[in-house]
Amino acid sequence: MAGSDVGGDIEHIHPNKPPEEVKQEEEPSPPSRAWILRPYNYLPIIIILGQLVLLFGGWTFYIVTSSRPVSLPESTAVFTKNKPTLATLIVTVFSTLLALTSGYLYARAIRYALRLSLSEPLSLFTIHSAVKIASKSPILNVRKMKWTMAGLISIVALALQTAAWSTLLTPRPILIQTSMTGSELDFSKEEVIRATNEAFNLDTDDGTDLPVAVNTLLLNSGHSAVDGRFGRPSPDDFNGFTFVNGTGGITPANLRLIPSVMGALLNSQTSLTNLTHDLPVSFKLEKEIVSPRGFSTNYTITQQGMTAEVKCEQRALNDTTNPAFRIESPLGSEVAIGIAGDTTMYRQARGRTECGAAGQHNFTYLLNSAPHPFGVPNVLYIASCELPDAPVLQYVLQGSGLYASIPTTVCTLKPQITRVDVHYTQFSTDVFGHLDRIEVLDPSEVMDMPLPPSAQRSLVDDLLRASQLVERNHLGDSVVSFLDDVDGRRELNEILETHLRGSFEVAATIVRTTYTQTNNSLYISGNAIPEQLRTFSSGTYTTETIGWHHQSATAPLALLSPTFVSLFSIVIVLTSVVRARTNHTDKEGSRQRAQLEYFDPGDMLHIMAASSTGAFRDPFPVYHADDTEFLKHAQKVKVRLVPPGESDNKASDPSGSTPRAGSRHSNVTAGQSMPLGLVQTSV
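Just so we're clear, the structure is a prediction, and the values are computed from it rather than from any experiment.

Here we look at the overall build of the chain
Stage number 1. Counting its secondary structure elements, the chain contains 20 helices and 20 strands.
Stage number 2. Taken across its 683 residues, the chain has 48% of its residues classed as buried.
Stage number 3. Expressed as a percentage of contacts within the chain between residues at least 6 apart in sequence, the contacts between residues at least 24 apart total 74%.
Stage number 4. When the accessible surface of the chain is summed, it comes to about 33100 Å², and 57% of that surface belongs to carbon and sulfur atoms.

Some details on helix 6 (residues 145–159)
Stage number 1. Spanning 15 residues, helix 6 covers 21 Å between terminal C-alpha atoms, matching the ideal 21 Å at 1.5 Å per step.
Stage number 2. Among all positions in helix 6, only T148, G151, S154, A157 and L158 are buried.

A few points about the state of the cysteines
Stage number 1. For the structure on display, the rule yields one disulfide.
Stage number 2. With its sulfur 2.1 Å from that of its partner, C312 forms a disulfide with C411. Negative torsions about the S-S bond denote left-handed disulfides, and the value of about 115° found for C312 with C411 makes this one right-handed. With C312 in strand 9 (residues 297–314) and C411 in strand 16 (residues 409–426), the pair connects residues that are 99 residues apart, well separated along the chain. Judged on exposure class, the residue C312 and its partner C411 are both buried.

Side note on the side chain of T408
Stage number 1. Tracing the backbone through its elements, the reader meets T408 in the loop between strand 15 (393–400) and strand 16.
Stage number 2. With relative accessibility at 15%, the residue T408 sits in the buried group.
Stage number 3. Within polar-contact distance, the side chain of T408 engages the side chain of Q398 at 2.6 Å.
Stage number 4. If sequence neighbours within four positions are ignored, T408 has contacts with E313, Q314, R315, L317, V396, L397 and Q398.

Some thoughts on a nonpolar patch on the surface
Stage number 1. Judged by side-chain polarity, M145, M149, L152, I153, V156, L160, F564 and F568 come together as a nonpolar surface patch covering roughly 680 Å² of accessible area.
Stage number 2. Breaking the nonpolar patch down by element, the ones donating at least two residues are helix 6 and helix 16 (560–583).
Stage number 3. By secondary structure assignment, the location of M145 is in helix 6.

Overview of the pattern of salt bridges
Stage number 1. In this structure the tally under the stated criterion is 11 salt bridges.
Stage number 2. A salt bridge links D319 to R352; the shortest N-O distance between them is 3.4 Å. Linking D319 in the loop between strand 9 and strand 10 (324–329) with R352 in strand 12 (residues 342–354), this pair joins segments that are 33 residues apart in sequence.
Stage number 3. Using a relative accessible area of 14% as the deciding quantity, one classes R352 as buried.
Stage number 4. Note that R437 is salt-bridged to E439, the shortest N-O span being 3.1 Å.
Stage number 5. Residue class for R437 comes out partly exposed when judged on its relative accessible area of 28%.
Stage number 6. You can call E439 partly exposed: its relative accessible area is 26%.
Stage number 7. Look at the salt bridges and you will find they share partners, linking D319, R326, R352 and E354 into a network.

Overview of the packing of helix 5 (residues 124–134) against helix 6
Two measures define how a pair of helices packs: the angle their axes make with one another and the distance between the axes.
Stage number 1. For the pair helix 5 and helix 6, interaxial distance at closest approach is 10 Å and the crossing angle is 15°. Considering the angle they form, helix 5 stands roughly parallel to helix 6. You can see that helix 5 and helix 6 cross each other, and the crossing is right-handed. Facing helix 5, whose interface residues are F125, T126, S129, A130 and I133, helix 6 presents W147, A150, G151 and S154.

Considering the environment of S95
Stage number 1. Along the chain, the position of S95 falls in helix 4 (residues 84–117).
Stage number 2. Taking the relative accessible area as the measure of exposure, S95 reaches 0% and is therefore buried.
Stage number 3. Separated by 72 residues in the primary sequence, S95 and T167 place their C-alpha atoms 9.1 Å from one another.
Stage number 4. Beyond its immediate chain neighbours, meaning those up to four positions away, S95 contacts T162, W165, S166 and L169.

Some words on the environment of T178
Stage number 1. Secondary-structure assignment places T178 in strand 3 (residues 172–185).
Stage number 2. Between the C-alpha atom of T178 and that of Y299, which follows or precedes it by 121 residues, the distance is 9.4 Å.
Stage number 3. Within the structure, T178 has its side chain in polar contact with the backbone nitrogen of K287 (distance 3.4 Å).

Section: the packing of helix 10 (residues 221–229) against helix 13 (residues 474–483)
Stage number 1. Taken N-terminus to C-terminus, the directions of helix 10 and helix 13 make an angle of 15°; their axes are 10 Å apart at the nearest point. The orientation of helix 10 with respect to helix 13, classified from their angle, is roughly parallel. Crossing geometry of helix 10 relative to helix 13 is assigned as right-handed. Contacts from H223, V226 and D227 in helix 10 reach S478, S481 and F482 in helix 13.
Stage number 2. A class-by-class count of the residues in the contact of helix 10 with helix 13 yields two nonpolar, three polar and one charged.

Thoughts on the packing of aromatic side chains
Stage number 1. In total, this model carries nine aromatic pairs according to the counting rule given.
Stage number 2. Relative to Y541, the ring of Y299 has its centre 5.7 Å away and its plane inclined at 20°; by these criteria the two rings are stacked. Of this pair, Y299 sits in strand 9 while Y541 sits in strand 18 (residues 534–548), and the two are 242 residues apart along the sequence. Y541 shares its class with Y299; the two are buried.
Stage number 3. Ring centres of Y365 and Y381 lie 5.8 Å apart, and the angle between their planes is 55°; on these two criteria the pair is classed as tilted.

Examining unusual backbone geometry
Stage number 1. Between N322 and the following residue, P323, the backbone shows a cis peptide bond with an omega angle of 5°.
Stage number 2. In the Ramachandran plot, K136 falls in the positive-phi region, its phi being about 60° despite a non-glycine side chain.
Stage number 3. Take K136: it is sitting in the loop between helix 5 and helix 6.

Considerations on the pairing of strand 17 (residues 437–448)
Stage number 1. Here strand 5 (residues 241–244) runs beside strand 17; their pairing, made up of two bridges, is parallel. Note on strand 17: the bridge partner recorded for F243 is I438.
Stage number 2. Alignment of strand 16 against strand 17, held across nine bridges, turns out to be antiparallel. Looking at strand 17, one finds that I417 is bridged to M447.

What counts and how
- Residues numbered from 1 in each chain as written.
- Predicted model: local features only at pLDDT ≥ 70, side-chain atom pairs only at ≥ 80, totals over all residues.
- Heavy atoms only, no water.
- Helix = DSSP H or I, 4+ residues; strand = E, 2+ residues; numbered from the N terminus.
- Buried < 20%, exposed > 50% of the residue type's maximum accessible area, 1.4 Å probe, protein only.
- Contact = heavy atoms within 4.5 Å.
- Areas by Shrake-Rupley, 256 points an atom, 1.4 Å probe, with all protein chains shown as cover.
- Expected span 1.5 Å × (residues − 1).
- Disulfide = S-S within 2.5 Å.
- Polar contact = N/O pair within 3.5 Å; in protein donor to acceptor, adjacent residues only side chain to side chain.
- Patch = residues over 30% accessible without salt bridge, like charges linked within 9 Å, V, L, I, M, F, W, Y side chains within 5 Å.
- Salt bridge = Lys/Arg side-chain N within 4 Å of Asp/Glu carboxyl O.
- Axes fitted to C-alpha atoms, helices over the stretch in contact; angles between N-to-C directions.
- Parallel < 35°, antiparallel > 145°, perpendicular 65-115°, else oblique.
- Left-handed = near helix turned anticlockwise from the far one by under 90°.
- Nonpolar A, V, L, I, M, F, W, Y, C, P; charged D, E, K, R; others polar.
- Phe/Tyr/Trp six-rings, centres within 6.5 Å; stacked < 30°, edge-to-face > 60°.
- Pairing = 2+ DSSP bridges.

Structure follows, in structure tokens:
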């Protein structure tokens, strides 16, 4: 290096000008700057404020997104879902910019602290190591493991910053939840049962044939319930909704006014064709939530349902048993029925049942008059009994022909009110307001109730009666199809019980919907359920979107790297500033700090200029590929920065004397920013 043992500094003289003029042209005095524009003052402010913004910004973002979900705007969420690769690229680029900013401030903090430390004696190895850390280069020196480990930790922390910010900032599918409340008809109240019975009587007097209007909706309800019982989910469409394995006797909850298919069916049976029927809003959200199109939405509500405890048993019945049951004419006599001029021959299969005080009930089926393969018709005889002294419904079933595997069976239905959790799922909001699936879970509460509404009993009775056609029976076909899969008397009873329960629950849902939709005959005064007829329910609404909700320990672990870099930058800057002001409290110290403000130890040009201006007593060894001896020498040599024009009584040239008066170091005008002198000290 210049200024070591080569006999002093070399001065470069302009060939056509006196030395004094050359020096004046080469070393102009810097213009004076405002306090805030001087690097010594604004650099620590920029470093500290920049790292604080990154530090508090990252942790504030984590705290907010871990305490509650934060969603993207609807259009941005849709964009992110449709173009995930581009969204990931944008976040990664932004994370890289944050990491580069933090890394740059980190390097500037180390170089700033190193500059202030050079006002005191500092070993060349310390300078070498600090510059390597600032430039993200490894320090490989087994004799200095502390510096080696510090360099390794620094490199890893800086390298992990992009991954850390990406982990924190990348939006992911999240769930947004809110509470929901609403009301529905309370069939646990006797006044509701009484009011619906009166309304049903009014409807039937006006010509509304409720069973005929919804008969097709009930045909497959029992079969779907048995499918679910044996683990084969079977959807059941009703009034625009899709139920899985039965309706549970509930009224579907609505968050918006939607047309009622039931209303159209019932309306077609009357002369009131000018009325419109809608399903009113029955539930509301506690706070509005935007459900982006293309994302799934679901909500779970605890609602009132209606079911029945069904018990079936095989019994031998005759005219004297209770109930009494007899098939009077298995084949029956032929009868001619003419429709629109065409006459068709049928046979009448007749029977009767007697239910004690409930009286005698006769039933008749019209069957195909053609000969039957088994010599008997394919009939599933079904008779109903109402026991006036008990809140139960009773049905007697007996099969023949294809349904001979169903012997005489008595099934008793005991109506019950339930509290059930109902799970509503909307897999895609592209079809706005459409529910893809309703699943009624097992009841959490069960309460016995009086006889169900008259409309519900009529629905079940007519369903069972209408299941018999001239050649086959719908209920019989369904039961036999399940008997082909399982064997034994227990399975038959289980199938019949589940079948009847499913039909009973769907009938309850039909009745509830009929007297919940607008323009019904239950509460003519308005379309809102009267207060005294309501029961209140609540639930949780959940929608999927894109955003942030950090619920695991991954996010705070990811923030360790940016936190370390920010805190270390702030600490070394503050420590260096406080130490410099403590060691140099006088006016001369302030002048010295001001003169050092433009020196950057991370800039090779600055190092070369300062080295050429300064004075080194001991020559460096020759540098080889193995730099062990070179670094050992650097560990022993201590240097400090001497401002221009200032002599260091501890510095000396190679001959042991103080720098010469004619050297560049001694002839620089005080107050200039460069060159400074790196001089070797004796301590």
